Every structure is written in structure tokens, then in C-alpha cells.
Amino acid sequence: MLDLHRLILLREVNLHGSMSAAARELAYSHSAISQQLGVLEKETGVVLLEKVGRSVKLTPAGEELVRNTEAILAAIEHAESDLATSHQRAQGVVTVAAFATISRSVLPTAVAELTRSYPGLDVRLRREEPETAVLQLISRQVDAVVTDAFPGTQGAPNGGIHTTIIGQDPVRGYLPHGLTFDDFDQLRTVRWVVEPLSSASTQWALRVCRERGIEPVIAHVSSDLLFHLRMVEQGLAAAFLPDMVVREAGSDVEPSSWLPSDQRRSIHYLVRQGSEHNLALVAVREAIIQAFRLTSHM
């Protein structure tokens, strides 16, 4: 009989792209994973990994085994969800990973309400970047993820993930405070602050600007959106800012009529496929939805 733990290790190597990356993520040694996967190859009687330079990749047999492992894990999720439902009340430990803005403005309200309503439910929060959080969800290191998605950008992977839209958050363009512009051409010289270039938000922002004939001069890069807001307030940079950030800071900056103000990001709640009916995860989801609505109308 195949060992589920070893199957999961093979899946992690596939997910993270290398044995070393999987070892770092799982806090294992490289040799420990290598040894366990060697045993798995003996159990299956086929070669599962092949060397590519200094790394490894899965063989077709290894990829097929990972697909079967995904089905096994989905079945486990369903079984766990059914067991949780038998309690008829949300309870147990739920770990939620979320991005910074919603972690500050929405999740404390949601967790406070859950603590009052479900004394047997222990909700634990992690502040993570969206890409990292999704990997942790797939790897079963967290139980749910709250993330954002921008129009025209790739969201969470479809396979094995169940997505619920929490709500919409307007995103507006702001020019450096105090600067005046006489014509559109002057916008081409404005300095911008953006999130890391690989992030979905920045890819979206670049596309929005380019569609309007602007190639942004990227002068500052930070994942901290409050920093973006302060740069705008000090007249140092332009930025696209979600309403959630401006509202949280109590800022009086005004969006620019030169830049689009009709854009929105979606806030998503992600769980593993098969666990979407788990009473604890449903309770967390509904509390976040209510807290988001409350915060949006403040």
C-alpha cells in the first residue's frame, strides 16, 4: 500500500518546483525528502523523478501519481467536512492567511464576532503575500486564504481551489498631492510607486496606464500600500489606491480626474475543494463577508 505522507512529499516537490524548495517550505532536510521519495519509487516500482541539471522534475509516471494524490486529498477534504458537519456547530482550529490591508481593517472585526458566536472555534491569522498564501493553502499549511484579484490578471489556480467572492473594493488613481497638470502629456513624466513588478496589482496597473497612452515611470516599489498613500500625500509619487486603504488611514487625498476611477479589485475567500461546506470554514467566510460590508460603509 502506498504511503500518503510520501505521496504528499512528491506533490510538494511538484508544487514548489524543486526538492530544495519543498524542503524549505516543509522545514525538512533535502536528504530526508530525497530518502522518502526513494522509498516511494521502490514502493511503486517506477521512476518518479529525473535529474535536470542540478534539480529534478517529475516523470510522466510521477505526474500521474500526483494527480491521483490530488484526488485522494480532495476525498479527505470531503470526509473531514462531513465529520465537521456532524458536530452541527462550528468548532476546531481554522488558520487563515490574508494580505495586509484586509488583515488590518476587516479580519479583527470578523474574528471578534466569531469569538463571541462560536466559543469552540479557534481562528488563527497569518499575514502573507497572496502568492505565498495560495501555495500554503494547497500544501494544507493553512485552511483558508483571503486574497484580492484584479481585472484581466490571473487569479488563484482552478484545480483544487474553491473561491467565494467576498466583495468589491474600488481602486482609484491618485497623482502626487499638490502638483497641478495643464495637459495629459505631463502625466508621462510623473513618478509612480507600485507593488513588486511581478504582482498582479502592478501588472494590472501597468496595463491600465498603457491603455491610456502612459508608460509609468516606476520610481518606488513596495508591497506596503500605506507607504504608497504616504508618498501620494507628500507629493512624491502617483499611485493606484484601493478605497479600503484610503478609508483606513482617514486620508483626505482626492483621486485624479486624469486617471481612471471606475476600477475595482475583487476580494476572494479561498478554501480547498471539498472543504467549502465545512461548518467552521463557512462560519469564518460569513463573518468576513459581514465585516467587509460593515467596513465598506464606514
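Our structure is the block above this text.
Residues numbered from 1 in each chain as written. Predicted model: local features only at pLDDT ≥ 70, side-chain atom pairs only at ≥ 80, totals over all residues. Heavy atoms only, no water.

### So, the sheet that holds strand β3 (residues 92-98)
Pairing is mixed across the open sheet formed by 6 strands, whose spatial order is β4-β3-β5-β10-β6-β9. Since the sheet does not close on itself, it has two edges, and those belong to β4 (121-127) and β9 (239-242), each with one partner. Along the sheet, successive strands turn relative to each other by an average axial angle of 30°, direction set aside. Relative to strand β10 (residues 263-272), strand β6 (residues 161-174) runs antiparallel, the two being bridged by 10 bridges. Bridge pairing links P170 to R264 in β10. Contacts from helix α9 (residues 225-233) reach β6 and β9, with the element oriented near 125° to β9. (Pairing = 2+ DSSP bridges. Helix = DSSP H or I, 4+ residues; strand = E, 2+ residues; numbered from the N terminus. Axes fitted to C-alpha atoms, helices over the stretch in contact; angles between N-to-C directions. Contact = heavy atoms within 4.5 Å.)

### Here's the deal with the nonpolar core
Of all hydrophobic cores here, the largest spans 29 residues; its most connected members are I102, L121, V146, Y269, V284 and I288. Listing elements by their share of this core, those giving two or more residues are β3, α6 (107-117), β4, β5 (144-149), β10 and α11 (279-296). It is α11 that provides the largest number of residues to this core, a total of 9 residues. Apart from residues no more than four positions distant in its own chain, I102 is found in contact with L107, P108, V146, M244, I267 and F292. (Core = buried A, V, L, I, M, F, W, Y, C linked by side-chain atoms within 4.5 Å. Buried < 20%, exposed > 50% of the residue type's maximum accessible area, 1.4 Å probe, protein only.)

### Some thoughts on α9
One full turn of an α-helix is made of 3.6 residues, so residues set three or four places apart face in the same direction. Every buried residue of α9 is listed here: L225, H228, L229, M231 and V232. End-on view of α9: buried residues confined to an arc of 160°, all on one side of the axis. On the buried face of α9, the contacting elements are α5 (100-105), β6, β7 (191-194), β8 (217-221), β9 and α10 (243-249). The opening residue of α9, the one whose side-chain oxygen lies 3.0 Å from the backbone nitrogen of L226, is D224. (Arc of directions from axis to C-beta. Polar contact = N/O pair within 3.5 Å; in protein donor to acceptor, adjacent residues only side chain to side chain.)

### Considering α6
Buried within α6 we find L107, A110, V111 and L114. With its buried residues spanning 95° around the axis, α6 presents them on a single face. Tucked into the core, α6 has its buried residues touching β3, α5, β4 and α11.

### Focus: the packing of aromatic side chains
Applying the stated criterion across every chain, the model contains 3 aromatic pairs. Ring centres of F150 and W204 lie 5.2 Å apart, and the angle between their planes is 40°; this geometry places the pair in the tilted category. In this pair, F150 is assigned in the loop between β5 and β6 and W204 in helix α8 (residues 200-211), connecting sequence segments 54 residues apart. Among the residues examined, F150 registers a relative accessible area of 8% and is labelled buried. W204 sits in the buried class, given a relative accessible area of 1%. Residues W204 and F240 carry aromatic rings whose centres are separated by 5.2 Å and whose planes lie at 65° to one another, so their mutual orientation is edge-to-face. With W204 in helix α8 and F240 in strand β9, this pair connects stretches of sequence that are 36 residues apart. Overall, F240 belongs to the buried group, its relative accessible area being 9%. By way of ring pairs, the aromatic residues F150, W192, W204 and F240 are connected into one cluster. (Phe/Tyr/Trp six-rings, centres within 6.5 Å; stacked < 30°, edge-to-face > 60°.)

### Digging into the environment of L206
Within the secondary structure layout, L206 lies in helix α8. A relative accessible area of 9% places L206 in the buried class. Contacts of L206, omitting those with residues within four sequence positions, involve P216 and I218.

Honestly, it's all geometry; don't read function into it.
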